Amino acid sequence: LLLLGAEWLLRGVLLVILPIFVILAVVYRFRFHEGLLRRYIIRRIENKLGVKAEVTYCTCRTINGRNDHMVLELRDVEIQNPAGFSAAVPLCRIGQVEVIFDPWSVPTRCVRVNCIHIDYVDLFMQRSNGSFNTTTIKRYMQRQKLLKAQEVA
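Residues numbered from 1 in each chain as written. Predicted model: local features only at pLDDT ≥ 70, side-chain atom pairs only at ≥ 80, totals over all residues. Heavy atoms only, no water.

**Focus: the nonpolar core**
The biggest cluster of nonpolar side chains holds 20 residues, and the ones touching the most others in it are Ile45, Val55, Leu72, Leu74 and Ile79. At the level of secondary structure, the elements contributing two or more residues to this core comprise α1 (2-49), β1 (53-63), β2 (66-79) and β3 (92-101). When residues no more than four places from it in sequence are discounted, the contact partners of Ile79 are Ile45, Leu49, Val51, Lys52, Ala53, Pro90, Leu91 and Cys92. (Core = buried A, V, L, I, M, F, W, Y, C linked by side-chain atoms within 4.5 Å. Buried < 20%, exposed > 50% of the residue type's maximum accessible area, 1.4 Å probe, protein only. Helix = DSSP H or I, 4+ residues; strand = E, 2+ residues; numbered from the N terminus. Contact = heavy atoms within 4.5 Å.)

Printed below as a string of structure tokens:
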């Protein structure tokens with residue numbers, strides 16, 4: 001009889017604790033993937049522009065549970081100035097970016113974007129040594145493109 005009580009107690013504990021662990025695992029996995037996505041996007045921005053960037057919030061979700069369109073949402077994007085310009089004020093602050101795209105086109109080299117919403121943009125142009133911060137980034141991007149073309153050839 002005592003063994004039967006212990007078995008029921010064990011079942012009761014498992015019925016309570018197991019769902020909690022499953023919920024925690026799902027939440028952890030979801031947040032972990034959001035963190036990976038955020039770090040990937042930051043790395044892409046930094047590699048493309050040659051400056052430091054920060055993204056506070058990043059998520060990717062389906063629209064209305066359908067799989068034919070997805071939304072990539074970024075919030076509080078901050079892009080720093082290139083070297084030689086004031087670090088006190090960033091080059092650009094963006095409050096929110098939403099990109100609606102076709103997820104089935106992601107494996108291809110050409111992702112089909114349906115819509116882009118950009119809200120609350122602050123762009124701070126600075127001039128130093130006869131050049132604007134935006135021009136410096138543009139030159140960096142052109143050099144990177146030229147280097148890639150030389151690697152392919």
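**A closer look at the layout of surface pockets**
In this structure, the largest pocket spans a volume of roughly 1,100 Å³. Around the largest pocket sit 27 residues that line it, and Tyr40, Ile41, Arg44, Ile45 and Lys48 are the ones nearest its centre. Of the residues forming the lining of the largest pocket, the biggest block, 8 residues, is contributed by α1. Looking at the lining of the largest pocket residue by residue, the classes come out as 20 nonpolar, 3 polar and 4 charged. (1 Å grid on protein atoms, 1.4 Å probe; cavity = no way out; pocket = protein on both sides within 12 Å on 5 of 7 lines; lining within 4 Å. Points joined across faces, edges and corners; volume = space filled by probe spheres on them. Nonpolar A, V, L, I, M, F, W, Y, C, P; charged D, E, K, R; others polar.)

**Section: the pairing of β3**
Of all 10 residues making up β3, 8 are buried, and the element is well covered by its neighbours. Pairing between β3 and strand β4 (residues 113-123): 9 bridges, direction antiparallel. The residue of β4 that forms the bridge with Val97 is Ile118. (Pairing = 2+ DSSP bridges.)

**Observations concerning the packing of aromatic side chains**
Going through the model one piece at a time under the given rule, you end up with 0 aromatic pairs. Directly above the ring of Tyr57 sits Arg75, whose terminal nitrogen or CZ lies 4.4 Å from the centroid. The cationic tip of Arg127 hangs over the ring face of Phe132; the distance from NZ or CZ to the ring centre is 5.0 Å. (Phe/Tyr/Trp six-rings, centres within 6.5 Å; stacked < 30°, edge-to-face > 60°. Lys NZ or Arg CZ within 6 Å of the ring centre and 35° of its normal.)

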